[in-house]
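# A structural walkthrough
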Amino acid sequence: MTRNRKYLEDVGFSLVAILLSFLLVAVIMLILGYNPIEAYKALFEGAFGSSYSLSLTLSKSVPLIFVGLAVGFALQGGLFNIGGEGQIYIGGFVAAITGLLLSHTIPAFITLPVAVLSGMAGGFLWGGTIGLIKAKLNINEVIVAIMMNYIAQLMTSYFVNGPFIAAKSMTPQTEILPLNLQLPKIIPNTQLTTSLYIALIMCVLYGFVMKRTVFGFEVKAMGNNLHSAATGGIYVARNTVLIMALSGALAAMAGIFEVFGTYGRFIDGFSSGIGFTGIAIAFIGQSTPIGIILASLLFGSLQAGAMQMSMMAGISANINNVIQGLVIVFIATPNIIRFAFGKRRS
Amino acid sequence: MRRIGIFAVVLLVAASGFTFAQSSSPTRVGCILGVGGLGDLSFNDLVYAGLQKAQKELGIQFDYVEPQSISDFETYLRKMASMKTYSVIISVGYDQVDPLTKVAPQFPGQKFAIIDESLNLPNVVSYVSKEEEGSFLVGALAGFLKKANTAKNPTIGFIAALDIPLLDKFYAGYEAGARYVNSSVKVIANYIGGNAPFSDITTAKEIALKQFNQGADIIYHAAGGSGLGVFQAAKEKNFYAIGVNSNQNPIDPNHIIASMLKRVDTAAYKIAVAAKQGNLKTGKTVILGLADGGIDYTVEGSKVTIDPKILKAVNDIKQSIIDGKLTAPDTHAKVEAFLKANTYK
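Keep in mind the model is a prediction, meaning the values are calculated, not measured. (Residues numbered from 1 in each chain as written. Chains lettered and ligands numbered in written order. Predicted model: local features only at pLDDT ≥ 70, side-chain atom pairs only at ≥ 80, totals over all residues.)

## Things to note about the UniProt feature "transmembrane region" (unreviewed entry) in chain A
All names here are of chain A. The residues that UniProt annotates with the feature "transmembrane region" (unreviewed entry) are residues 12–34, 54–75, 87–106, 112–133, 142–166, 186–209, 241–260 and 322–341. A distance of 29 Å separates the end C-alpha atoms of residues 12–34, which is 91% helix and 0% strand. Here residues 186–209 is 62% helix and 0% strand, with 28 Å between the C-alpha atoms at its ends. (UniProt positions renumbered as here; feature names shortened; annotations may be inferred. Helix = DSSP H or I, 4+ residues; strand = E, 2+ residues; numbered from the N terminus.)

The structure is reproduced here in C-alpha cells:
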C-alpha cells in the first residue's frame, strides 16, 4: 500500500469513527428525551459560532496539543506515557511557584523563561523517574506512571491547600501571577493566549526531531523493534529514561501554559483529565504533528461546544465525555490492541 | 420566477419569526452552579429550585452549568458573558469570587450576581445572608433543651470548618441564642482546619467525640461536608446534632433535631425577579435574613420530639427578630454585649 493511500484511508477511517460516535450519542440523547439536532446545533455554535467560541475551542486545544505530543513521542519510542496528568500538575506547580518567588526580585523577561524551564525540568524529572524505574528495575511504565499521577496530583493539592494557598483565599489556589508574567492574550477578554504559538512551534520541533535527527531515528527504531534497536547499538536503557523524561517535559508544558496563560495561577485540580485525553489524541493523530493538531482541535471543539450544549439544550456537559469516549473506542481500539499485543508477541 | 417568489416568502416568514422572537424574548438568566453540581441536596439544588420557581411563576428562562472544577468558573463566566443573552449571570458560592473579580470588569455591559459572598464591583450585585439569625434560633432551641433536661453543667458544642468571619457569624448567633434563653449554658467551640476543612469527616468526628466527652450533647456544625462526621459521632454516642444550610434532618432523623436553613433558593429567586423588573442593585450587597426568607430553621424531617412549648418559644424569638426587636450578634466579640443588653423573659 502506498503511503498516500494509507494516509487517505486513515483520514477516512477517522471521519467515519467521528460520525459514528455522533450518531450513537444522538441515539442516546433521543432515548434520554433530548433533541439531538438542537443539541448538536448548540455544540457547533459553542465551538465555532462566534469569535469567542473559536477562541474557546483553540484555548481548549492548546494543552491537548502539548500532551498529545508528549504521549505521541513516547509511543514512537515504544513507550506508553500515561503519566501526563501528573506531569501537568508538577510542571504547572513548579513553574507557578518559581514565577511567584522570583517575580519580586528579578525582571519578568528573565523570570518567565526561568519559571517555564523549571516547570519543564520538573516534568522532565517526574517522567524520567518513570523511565528510570522501567530501565533499571524493568517495572511496567504504565503502573509506575499511574501511581506517580496520584502522587503529583495529591501533593500539589496539599501544597495549594496548605503552605502555598493565596492569602485570604478560601479556594485552593496560589496567588495570582503578576500580569507581566502571564502570557499575552491573542484575543482580548478570552482565555486564548500566545501559548497557542508555543504549541505550534513545539509541533514543528517535534516533527523535525523525529524526521531529521539521529535521536529521532533511534526513538523510532526502539519503537519498531526494541531488540533489533539494541543489537544495532542503540543505548536502549539510556534512551528509555530520556524518552520518558522528554515526554514528561512536554506534558509539563501543558500545565505550565495553563497556569501562565489560561488561568494566571495554579488552581487545585485544574487539569481534570487533560493528561488522559492526550493519550487519545496521540493515538488518533497517529503520533504525527499534523494528526495531533487535528485531533486536539476536534477534542477542543467538543469541549468548547459541550459548554454551550449544556447551557442551551440542558444536556450535561458530561455527554461530551461520552462522545470523546466513543471516538476513542472507534478510532483507537484497533490501534491500542495492535500496540499492546504486537509488543507482547515480540 | 416562481422559485424566487417562494424563496422570498420563506425569507419573509423567517425574518418575521426572527423579529418576533427578538421582541418577545423573555428575561433570561444564566447560572453557574458550584462544583459538585445538581444533586448535592444543598446549595446547588436550592439555587436550581429558586430559579425553577421563577420560571414557573414569572416565565423567566434560565440556563445553568455545572462546572467540573474551580478552574472552570472563569471559562464559564466568560462564555456566558460573551453570549450577551443573559439579563444577569448568577455565580453560586464564595469560590467564584476570584474568577468573577477577574471577568466582570471586562464585560461592563453585563450584570452579574454572586450568592454567599460580597463583592464590590459596579456591575455585580452580591447576595449574602444573616447566618447569625438562623444560628441564633437553633442556639435558642439547644438552650431550651438543656434547660428541660436539667443537667448539672449544661454544655453544648459548636464545630466550624475554619476560624473565618463568615463562620464566626454562625458561632456568634448560636452562642448568643443558647445563652440568651439559658444563662447557665456553656458553649465549647472547635475548628477543623487542616487541608480540607469542609470535607474532613474524620477530623470532624474526632472533634465531636471530644466535645461529647467534655459534656456537650447537642452539637451544631458550620463545616459543610465535614458535618457528616458530627452526625456519625452523634449516632455512635447517641447525642443530638444540628444541621446547617439545607435541611439535613433526614440524614439521621433520630439524632439531628433541627437544621439552620440558608435559603439560597430565595436569593436566586429574588435575583431572577429583580433581573426581570430591571432593578438589580448592582454595586450593592443585599443581605437576606429571617425577615425576607433568606434564612430560617426547621425541625421538619426529624423524629426527635420536641416539646411544642419550646418550639413556640423559639418561634416567638424568630418573630421578635423579624420585628426588629432583637438583633442577633454577627461576631463572637459582640456576644457578651448582646447578653448584657438583652434578657429573655
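Read on, since the account is not over.
## Section: the interface of chain B and chain A
As a measure of interface size, the accessible area lost when the parts come together is often cited. Contact with chain B, which involves 19 residues of that partner, is made by 22 residues of chain A. Counting residues per element, the ones that place at least two in the side of chain B that touches chain A are β2 (61–65) and α3 (72–83) of chain B. No other element matches α3 of chain B, which puts six residues into the side of chain B that touches chain A. Broken down by class, the residue content of the side of chain B that touches chain A amounts to five nonpolar, seven polar and seven charged. (Contact = placed C-beta atoms within 7 Å. Nonpolar A, V, L, I, M, F, W, Y, C, P; charged D, E, K, R; others polar.)

## Digging into the packing of helix α5 (residues 131–148) of chain B against helix α10 (residues 308–322) of chain B
Residue and element names in this part refer to chain B. For the pair α5 and α10, the least separation of the axes is 10 Å and the interaxial angle reads 150°. With respect to each other, α5 and α10 are oriented roughly antiparallel. In the packing of α5 onto α10, the handedness of the crossing is right-handed. Between α5 and α10, the residues in contact are E133, F136, L137, A140, L141, F144 and L145 and I310, A313, V314, I317, K318 and I321, respectively. (Axes fitted to C-alpha atoms, helices over the stretch in contact; angles between N-to-C directions. Parallel < 35°, antiparallel > 145°, perpendicular 65-115°, else oblique. Left-handed = near helix turned anticlockwise from the far one by under 90°.)

## A look at the pairing of strand β9 (residues 240–245) of chain B
All names here are of chain B. The element β9 is extensively covered by neighbouring structure, given that six of its six residues are classed as buried. Pairing of strand β8 (residues 216–222) with β9, which is carried by three bridges, proceeds in the parallel orientation. Paired with I219 across the two strands is A241, which belongs to β9. Taken together, β8, helix α8 (residues 227–237) and β9 constitute a β-α-β crossover, and its handedness is right-handed. Note: β9 against strand β10 (residues 256–262), five bridges, orientation parallel. Within β10, the residue paired with G243 across the bridge is S259. (Buried ≥ 20, exposed ≤ 12 C-beta atoms within 10 Å, placed from the backbone. Pairing = 2+ DSSP bridges. Right-handed = clockwise from strand over helix to strand, strands pointing away.)

## Structural notes on the nonpolar core
Counting 216 residues, the largest nonpolar core has V47, I90 and A113 of chain B as its most contacted members. The element contributing the most residues to this core is helix α10 (residues 236–263) of chain A, with 17 residues. The residues that make up this core include at least three from each of domain 1 (25–129 + 265–288) and domain 2 (131–262 + 307–341) of chain B. Every residue in contact with I90 of chain B, bar those within four places of it in the chain, is listed here: V29, G30, C31, I32, A113, I115, A268 and I271 of chain B. (Core = buried A, V, L, I, M, F, W, Y, C linked by C-beta atoms within 7 Å. Domains from an automatic or database assignment.)

## Remarks on the packing of helix α3 (residues 51–76) of chain A against helix α11 (residues 274–284) of chain A
All names here are of chain A. Interaxial distance between α3 and α11 falls to 7 Å at its minimum, and their mutual angle equals 60°. One element, α3, and the other, α11, form an angle in the oblique class. Regarding α3 and α11, the two cross each other, and that crossing is right-handed. Within the contact between the two elements, α3 uses P63, L64, V67, G68, A70, V71, G72 and L75 and α11 uses I274, G275, T277, G278, I279, I281 and A282. Residue composition of the contact of α3 with α11, by class: ten nonpolar, five polar and no charged.

## Let's talk about the domain arrangement of chain B
Residue and element names in this part refer to chain B. Taken domain by domain, chain B holds domain 1 (25–129 + 265–288) and domain 2 (131–262 + 307–341). Each of domain 1 and domain 2 has a C-alpha centre, and these two points are 30 Å apart. Each partner contributes residues to the interface: domain 1 has five residues there, and domain 2 has four residues. In terms of residue class, the side of domain 1 that touches domain 2 is built from three nonpolar, two polar and no charged.

## Digging into α11 of chain A
Structural remark: α-helix, 3.6 residues per turn; residues separated by three or four positions point the same way. Residues and elements named next belong to chain A. Among the eleven residues of α11, ten are classified as buried, and the element is accordingly described as predominantly covered. Along α11, the residues classified as buried are I274, G275, T277, G278, I279, A280, I281, A282, F283 and I284. One or two positions beyond α11, positive phi appears at Q286, with a value near 55°.

## A word on the sheet that holds strand β4 (residues 112–115) of chain B
Residues and elements named next belong to chain B. Reading across from one edge, β2-β1-β3-β4-β5-β11 is the order of the six strands in this open sheet, with parallel pairing throughout. Every interior strand has two partners, whereas the edge strands, β2 and β11 (285–288), have only one. Averaged over neighbouring strand pairs, the angle between their axes works out to 20° when direction is ignored. Sheet strands in contact with helix α2 (residues 43–58) are β1 (28–32), β2, β3 (88–92) and β4, and its direction is about 160° off that of β2.

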